[in-house]
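Fold and contact review
Spelled out from the first residue to the last, the chains are:
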Amino acid sequence: MASGTQGGTITIVRGRLLWFHHEPLGADDEASFTLIEDGGLVCRNGCIAWVGDWSDLPADHRDADYADHRPHLVLPGFIDPHIHFPQGQVVASYAGSLLEWLNTYTFIEEQRYGDPRFAATMAKRFCDMLLAHGTTTCVAFGSVHKGSATALLAEAATRNMRLVTGKVMMDRNAPEALTDTAQSGYDDTKALIADWHGEARLEVAISPRFALTSTDAQMEAAGALAREHPECLIQTHLSENHGEIEAVEALFPDAADYTDVYERFGLLTDKSLMGHCIHLSAREIGRMAETGAVAVFCPTSNLFLGSGLFDLDRIKGGGVRHAIATDIGGGTSWSLLKTLDEGYKVLNLQGHRYHPMRAFWQATLGNAEAIGMADRIGTLDAGTEADFIVLDARATEAMALRMETVETLAEELFVLQTLGDDRAVTAAYVAGRITHATA
């Protein structure tokens, strides 16, 4: 195997290259993707400068060192559009439902992120976990503390990762140590945007946790931020659990429904990432479609907390944009491979199909489209940012055994999706530099 040394700012990689151009319309939609069985990438200054057949490698690079990842697949890095930075240590906490889980574990754990040193330590571990599982970009909730978002942004900056985060805004229905005010939530988010948004590869998201933990005044403040900063993503939760929905209806009796709460305050736009969206009415689906808001499917979390089954066919049929995410720590795996696996099962229970080509499109280009970054990430096109991963479909004995009978790309992807996890991620590159590799 050739060395993976990087001459200056140039990285050259050889492998089986796979990336998507649009959502596959079916199993045989070959126009939706490119597969180069023996391909090459030349990365320069953090971007893909050249991509093509290895035999066509430009002459000025033919004698250079390169990383040879054959026979493994090289794909764009996974993108996780809904994950909680302060919840890495509440994964696998026993609870019966969302609100019990929040009050018993999550709201207790998140208070620790008020300590800047602890937040900085955990930011390192958080980014390590992302890259080990093949995730090169995420949209993450911080804790209520401004310092939690600062710690994560600072750590991502040291790695040149593309990352979005924000401090959550929550001024009621949580422990006093985990609440802010409408004004402080506004001020802290405003300061984060001024300090970090657009720096390096970083963005700040406006992050009202969910309507249950924000007063009318705070929702108004969040809406003001959205109007003042239309360039920022908005992240929150919507219609995850029946108890949550009932509580929100009681707090906002004048709203038509849960979705209307956000829309009334200017928080339902084409920048809005709405986690879960399991129990939406036809009216709510219509409003999400009309505004361009994104429904984020979080299958492992929905199953773990018994929240319900996300109906992707109904969401797509209603014209709603969609994404898929781990939702650590209600979610039970950092791996988008395992997330795709559980998503397949959730949809299969409803009699729906989730073809592996469509699944891998979703975890890469599809999620990039959902967060408005498809011009930069989620692809291996020349000129885009050089975030990519290497996947080994024979990483475990069980996978190798199954691969002995695999004949097609779709079958290989389904093996990765069904049997794979972090062990299948042999390398992760961020801005053209290798940042994770298995021994």
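Cut-off values and rules
Residues numbered from 1 in each chain as written. Predicted model: local features only at pLDDT ≥ 70, side-chain atom pairs only at ≥ 80, totals over all residues. Heavy atoms only, no water. Helix = DSSP H or I, 4+ residues; strand = E, 2+ residues; numbered from the N terminus. Contact = heavy atoms within 4.5 Å. Salt bridge = Lys/Arg side-chain N within 4 Å of Asp/Glu carboxyl O. Buried < 20%, exposed > 50% of the residue type's maximum accessible area, 1.4 Å probe, protein only. Pairing = 2+ DSSP bridges. Axes fitted to C-alpha atoms, helices over the stretch in contact; angles between N-to-C directions. Polar contact = N/O pair within 3.5 Å; in protein donor to acceptor, adjacent residues only side chain to side chain. UniProt positions renumbered as here; feature names shortened; annotations may be inferred.

**Quick word on the side chain of N367**
Of note, N367 is situated in helix 12 (residues 356–370). What N367 contacts, discounting residues up to four positions off in sequence, is I79, P81, A323, I324, W361 and Q362.

**What to know about the pattern of salt bridges**
As enumerated under the stated definition, the model contains 26 salt bridges in all. A salt bridge links E385 to R162; the nearest nitrogen and oxygen atoms lie 2.8 Å apart. Of this pair, E385 sits in the loop between helix 12 and strand 13 (388–391) while R162 sits in strand 7 (residues 162–166), and the two are 223 residues apart along the sequence. Taking the relative accessible area as the measure of exposure, E385 reaches 12% and is therefore buried. Overlapping salt bridges, with partners in common, bring together K124, D128, E155 and R159 in one network.

**Here we look at the sheet that holds strand 4 (residues 67–76)**
A sheet is described by the order of its strands in space; here seven strands give the open sequence 3-2-1-4-13-14-15, paired in mixed fashion. Of all the strands in the sheet, the pair left with one neighbour each is strand 3 (47–53) and strand 15 (433–437). The sheet shows a mean angle of 35 degrees between the axes of neighbouring strands, taken without regard to direction. The pairing of strand 1 (residues 10–20) with strand 2 (residues 33–44) spans ten bridges and is antiparallel.

**Thoughts on the environment of E37**
The topology assignment puts E37 in strand 2. Between the C-alpha atoms of E37 and R14, which are 23 residues apart in sequence, the distance is 9.8 Å. Residue contacts for E37: discarding those within four places in its chain leaves G15 and R16. Polar contacts involving the side chain of E37 include one to the side chain of R16, which spans 2.9 Å.

**Regarding the UniProt feature "domain: Amidohydrolase-related" (unreviewed entry) in the protein**
Here, the residues flagged by UniProt with the feature "domain: Amidohydrolase-related" (unreviewed entry) are residues 73–434. End-to-end, the C-alpha atoms of residues 73–434 are 16 Å apart, and along that stretch the chain is 43% helix and 15% strand.

**Overview of the sheet that holds strand 8 (residues 202–204)**
Strand pairing within a sheet occurs via backbone hydrogen bonds; the two strands may be parallel or antiparallel. Read across the sheet, four strands follow the order 5-6-7-8 without closing on themselves; strand pairing throughout is parallel. Every interior strand has two partners, whereas the edge strands, strand 5 (78–84) and strand 8, have only one. Across this sheet, the average inter-strand angle for adjacent strands is 20 degrees, counted without regard to direction. Two strands pair when backbone bridges link them, and strand 7 and strand 8 are joined in this way by three bridges, in the parallel orientation. The residue bridging T165 from the neighbouring strand is V204, located in strand 8.

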